[in-house]
Structures are given as C-alpha cells and as structure tokens.
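Here is how the chains run, residue by residue.
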There are 2 protein chains.
Amino acid sequence: MDGGAMNIQPDSRTRLLDAALSVFRAKGYNAARVEDICAAAGLTKGGFFHHFRSKEDLALKAAEHWTSMTGRLFEAAPYHDLEDPADRVLAYIDFRKSLLRGTLAEYTCFVGTMVQEVYDSSPEIRVACEQSIAAHVATLLHDLEAAKQLHAANADWSAEGLALHMQSVIQGAFILAKARNDSAVAAESLDHLKRYVGLLLGRHL
Amino acid sequence: MDGGAMNIQPDSRTRLLDAALSVFRAKGYNAARVEDICAAAGLTKGGFFHHFRSKEDLALKAAEHWTSMTGRLFEAAPYHDLEDPADRVLAYIDFRKSLLRGTLAEYTCFVGTMVQEVYDSSPEIRVACEQSIAAHVATLLHDLEAAKQLHAANADWSAEGLALHMQSVIQGAFILAKARNDSAVAAESLDHLKRYVGLLLGRHL
DNA sequence: GACGCCATACCGACTGGTTGGTATGGTATG
DNA sequence: CATACCATACCAACCAGTCGGTATGGCGTC
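For the structure given in this document, a descriptive report is provided here. Here the structure is a predicted model, which means the values were calculated and not measured. (Residues numbered from 1 in each chain as written. Chains lettered and ligands numbered in written order. Predicted model: local features only at pLDDT ≥ 70, side-chain atom pairs only at ≥ 80, totals over all residues. Heavy atoms only, no water.)

Once that is clear, we can look at the packing of aromatic side chains. Evaluation of the coordinates by the stated rule reveals 21 aromatic pairs over all chains. Aromatic side chains F74 of chain A and F95 of chain A sit 5.5 Å apart centroid to centroid with 80° between the ring planes, which places their arrangement in the edge-to-face category. Residue F74 of chain A is found in helix 4 (residues 55-75), and its partner F95 of chain A is found in helix 5 (residues 85-98); the two are separated by 21 residues along the sequence. There is no split in this pair, since F74 of chain A and F95 of chain A are both buried. With centroids separated by 5.7 Å and ring planes inclined at 80°, the aromatic side chains of Y79 of chain B and Y92 of chain B adopt a geometry described as edge-to-face. Linking Y79 of chain B in the loop between helix 4 (55-75) and helix 5 (85-98) with Y92 of chain B in helix 5, this pair joins segments that are 13 residues apart in sequence. For Y79 of chain B, a relative accessible area of 7% corresponds to the buried category. Of the residues examined, Y92 of chain B reaches a relative accessible area of 0% and is grouped as buried. (Phe/Tyr/Trp six-rings, centres within 6.5 Å; stacked < 30°, edge-to-face > 60°. Helix = DSSP H or I, 4+ residues; strand = E, 2+ residues; numbered from the N terminus. Buried < 20%, exposed > 50% of the residue type's maximum accessible area, 1.4 Å probe, protein only.)

Next up, the structure:
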C-alpha cells in the first residue's frame with residue numbers, strides 16, 4: 001500500500017529538487033535562499049536539512065536530477081523516429097526551438113546557468129554541470145556521427161566538436177534572451193544553427 | 001596639475017571600476033563582496049561609498065565602463081584594415097579567438113556573465129547589459145551589412161540577426177569553457193562560427 | 001492487538017558569522 | 001576654511017546551518 005499512486009504530490013525530496021531547479025534558474029545559485037527553495041517545496045528549513053547536508057549538496061543532487069529529467073525529455077522526443085540521422089539532428093534543433101516557451105526561468109538550462117556563477121568557487125558543482133552537459137552531448141553524438149559518415153565523411157570537423165558547438169549556441173542563445181528579455185533572439189540563433197548544420201550535412205539553404 | 005600623467009595608478013574611481021570587472025567575472029555579482037572589490041582596488045569601504053551609492057550602482061557604472069573599454073579595444077583592433085567587409089567580419093572572429101588567453105575571468109564577457117545572474121532580480125542591470133551588447137553588435141553591423149550586400153545580397157537572413165547569432169556563439173562558448181574549465185572548446189566553437197559566416201558570405205570550406 | 005522500540009520525516013526557534021551600508025573624523029589641497 | 005577624498009568603527013539585517021523536540025508508522029513480541 002505504501003508508495004502507491006494515491007499521493008497527489010511527489011515526495012518531499014523530489015519536491016525540493018524540483019524547487020531547486022526553478023528557484024536557482026530564476027534567482028541564481030547565490031541569491032537563492034535555502035528558505036526560498038523550502039517555501040517553493042512546501043517545507044521548512046528543518047525538513048530541508050534532513051534531506052541535504054548543505055546548499056551545495058542540494059546543487060549537486062539537483063544537477064543529477066536535471067540530467068535525468070532532461071534525459072527522459074529528450075529520450076521521449078519525436079525526432080528519433082526519422083530515418084536519416086541528419087534529419088534527426090536537424091529535428092533535434094527544431095525540438096530545442098519548440099522548448100522556448102513560457103518564462104526564461106522555465107526554459108533555460110539549469111546547469112548552464114549555475115556553472116557560470118560557481119565555476120570558480122565550487123569545483124564540485126562545476127564538475128557536476130560539466131558531466132550533465134557531457135551526458136546530453138553524448139545523446140546527440142550517435143546521430144551526428146552517423147550523419148557525418150553518411151553525408152560528410154571526409155569533412156575536417158569532428159562530430160563531437162560539432163555537438164559541443166551546438167550546445168554553445170544553445171547556451172549563448174539563452175544569455176542573449178536573458179539580456180534582451182525576449183525569446184525571439186534565441187529562436188533566431190537556433191535558425192542559424194540549423195542552417196549551419198544543414199550546410200555541413202549537405203542540406204542546402 | 002591634477003589628473004596629469006605623473007600618477008602611476010589611475011584614479012580610485014577607475015580602479016574600483018576595473019576591480020569590479022575582474023571580481024564580478026571571477027566570483028559573480030552576488031558572491032562578490034563590496035570589500036573584495038575595495039581590496040582589489042586598494043581602498044576601504046569608506047572610499048567605495050564615496051564614489052558609488054550602492055553595489056548595484058557600481059554594477060551599472062561598471063557596465064558602462066566595460067562598454068567603453070571593449071569599445072576602444074575593438075576600435076584599435078587590426079581587422080578594420082582589410083578591404084573586403086567579409087574579410088573584416090571573418091577577421092573579427094579571429095580576433096575574438098585571439099583573446100581567449102589567460103584565465104577564464106580574464107577573457108570572458110563581463111555583461112554576459114552578470115546578466116545571467118541578475119536578469120530577473122535587477123531590471124536596471126539587465127538593461128545596462130543589454131545596451132552594452134547592443135553597442136558591440138552595432139560596431140559589427142556596418143561590416144556585416146556591407147558584406148551581405150556584396151556577397152549575399154538576396155539571402156534570407158538579416159545582418160542584424162547574424163550579428164546577434166555571432167554574439168550568442170561567443171557567449172555560449174564562454175559557458176562551455178567554464179563548464180569544462182578549458183578554453184579549447186571555446187576556440188573550436190569560434191572555428192565553427194567562422195566557417196558558418198564564411199559559407200554565408202560565399203567563402204568555401 | 002496492545003505495547004515497547006526505533007527510524008524516518010519534519011518543525012521552528014536559535015546562533016554565529018557575514019555583509020551592505022552608515023557615521024564620524026582625519027588629511028591634503030586649493 | 002571649504003571641499004574632496006578616504007579610513008576606522010560601527011550597525012542592523014540577513015542567512016546557512018544547528019538543535020531540541022514532535023508526529024508518524026513499521027516491526028517484533030507477548
């Protein structure tokens with residue numbers, strides 16, 4: 001009977017992790033107070049420190065949480081069905097573009113936001129963010145390698161380098177969107193990215 | 001006699017602004033303490049609050065300072081000498097790549113770093129960062145428009161959109177470099193950017 | 001099935017260090 | 001002596017983390 005589906009809410013620990021994702025993305029790591037996260041999760045500080053040793057510990061676990069959340073999201077995305085790996089890569093960009101909905105804190109990247117703030121002050125968080133990005137790059141890499149093999153086998157760029165460049169563009173698009181308070185600039189940047197990848201893979205303008 | 005060239009150091013206000021640039025870039029806006037900046041400038045808090053009303057006021061002035069510093073840097077850069085505007089744009093990217101030297105805090109973008117942290121909590125700082133980016137984009141725009149006119153007059157992209165995309169890539173490259181603690185990934189991303197811009201402007205691979 | 005026992009989960013008051021900002025006074029210069 | 005500039009000393013608010021205590025529920029035992 002325990003742990004059944006009758007509970008409307010996820011358990012407290014998961015609520016804290018979800019709250020960490022949204023509060024850190026909205027206010028940044030340092031400006032976010034532990035009690036902000038507690039309030040968003042419907043708990044008090046006593047409960048928080050029952051689940052996590054420290055705020056930094058929360059950040060580390062939240063990065064893992066982010067990795068598995070986004071992992072499931074992209075695993076379930078429709079672009080995997082296409083036959084040509086180049087089409088899958090281009091459809092991945094379209095999918096990223098379709099995610100640019102709602103507020104900035106809702107669609108921007110948790111680890112990208114956090115790592116820029118703490119890359120120098122918390123090596124552990126930096127590594128956690130690096131690994132999260134690496135895990136996402138890895139999911140792209142197979143399609144990208146297959147697409148290169150098929151359409152640009154002898155080109156002088158590597159699939160991994162291009163996958164990283166794609167992440168650069170996406171992360172940078174978020175920064176521009178934040179600076180201009182407008183998601184349109186991010187969408188335009190993804191259009192350019194799609195055109196570039198298309199050119200590299202033999203698609204015309 | 002005042003303000004003459006005999007002083008080895010710039011005046012205190014300028015030292016505080018310079019210190020703000022480096023300390024904010026290394027630690028982030030929120031984690032940076034006023035006294036950190038004072039120490040870096042060789043002053044105490046009393047002196048700081050003689051020149052700036054608040055930490056936020058400093059951030060606003062530092063963004064303007066950043067704009068004029070980088071404005072001079074790019075104005076003096078060698079890429080303006082090239083005849084073809086497309087070559088100037090490509091040489092701009094090379095120049096950006098040549099700046100990827102030293103520590104991350106030394107070469108990353110001040111306003112890009114700051115805006116990601118405070119875009120939601122301080123509208124004034126966000127606008128200051130937006131304007132700084134816009135000013136830099138404007139310096140690129142003339143060359144880019146001329147290059148488009150010359151080499152891709154009928155293409156279905158705009159010079160301004162491409163200039164913004166270039167900034168996206170650069171900002172994103174900084175994030176990846178921070179996450180991986182390695183500037184090589186940023187350089188590779190700029191290589192991709194150069195190839196893309198080259199393709200749009202009729203340069204081959 | 002009542003009881004003792006213990007682990008998990010959570011609350012909320014408290015603390016000790018930190019930090020943005022202030023008050024005040026000293027000194028150099030014109 | 002007025003003003004600009006800057007140091008020392010200080011304050012009040014804030015906040016991560018602690019701690020004593022409570023509620024709940026599972027589990028073995030008689």
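What follows concerns the relation of the copies chain A and chain B. Once turned by 180° and shifted 0.0 Å along the axis, chain A lies on chain B with an RMSD of 0.1 Å. In symmetry terms, the pair is related by a two-fold rotation axis. For chain A, the residue whose C-alpha comes nearest the rotation axis is G172 of chain A, separated from it by 1.8 Å. An overlap of 100% is found between the interface residues of chain A and their copies at the interface of chain B, pointing to a shared contact surface. (Least-squares fit on C-alpha atoms with pLDDT ≥ 70 in both. Contact = heavy atoms within 4.5 Å.)

Attention shifts here to helix 4 of chain A. Residues and elements named next belong to chain A. Compared with the 30 Å implied by 1.5 Å per residue over 21 residues, the 30 Å span of helix 4 between its first and last C-alpha is a close match. Along helix 4, the residues that are buried comprise K55, D57, L58, A59, L60, A62, A63, H65, W66, T70 and F74. Buried positions along helix 4 lie against helix 1 (12-27), helix 2 (34-41), helix 3 (45-51), helix 5, helix 7 (110-118) and helix 8 (123-151). (Expected span 1.5 Å × (residues − 1).)

Around DNA strand D sit 14 residues in total, of which R33 and K45 of chain A together with S12, T44 and H51 of chain B are the nearest. Taking the atoms of DNA strand D that fall within 4 Å of the protein, sugar and phosphate contribute 60% of them. Here a phosphate oxygen of DNA strand D sits 3.2 Å away from a polar atom, N or O, in the main chain of V34 of chain A. Separating a phosphate oxygen of DNA strand D from a side-chain N or O atom of H50 of chain B is a distance of 3.2 Å. Elements represented by at least two residues in the surface near DNA strand D include exactly helix 3 of chain A together with helix 3 (45-51) of chain B. Take the surface near DNA strand D: its biggest share by element is four residues, from helix 3 of chain B. Residue composition of the surface near DNA strand D, grouped by class: four nonpolar, seven polar and three charged. (Near = heavy atom within 4 Å. Polar contact = N/O pair within 3.5 Å; in protein donor to acceptor, adjacent residues only side chain to side chain. Nonpolar A, V, L, I, M, F, W, Y, C, P; charged D, E, K, R; others polar.)

In the region of DNA strand C, 14 residues are neighbours, and S12, G46 and H51 of chain A together with R33 and K45 of chain B sit closest. Between DNA strand C and the protein, one listed contact pairs a base oxygen with a backbone N or O atom of G46 of chain A at 3.4 Å. Within the backbone of K55 of chain B, one N or O atom sits 2.9 Å away from a phosphate oxygen of DNA strand C. Among the secondary structure elements, those contributing two or more residues to the surface near DNA strand C are helix 3 of chain A together with helix 3 of chain B.

Across the contact, 45 residues belong to chain A and 46 residues belong to chain B. For the pair chain A and chain B, the two sides together bury roughly 4,100 Å², of which 61% comes from carbon and sulfur. Taken as a group, Q116, Y119 and H192 of chain A account for 16% of the area that chain A buries against chain B, more than any other trio of residues on that side. There are 16 residue pairs in polar contact (both at pLDDT 80 or more) connecting chain A and chain B. Of all elements in the fold, only helix 1, helix 6 (104-107), helix 7, helix 8, helix 9 (159-180) and helix 10 (184-200) of chain A reach the threshold of two or more residues within the side of chain A that touches chain B. At 15 residues, helix 9 of chain A tops the list of elements feeding residues into the side of chain A that touches chain B. Residues that form the side of chain A that touches chain B fall into these classes: 21 nonpolar, 13 polar and 11 charged. (Buried area = accessible area lost by both parts, 1.4 Å probe.)

Remember, this is a structural readout, not a statement about activity or role.
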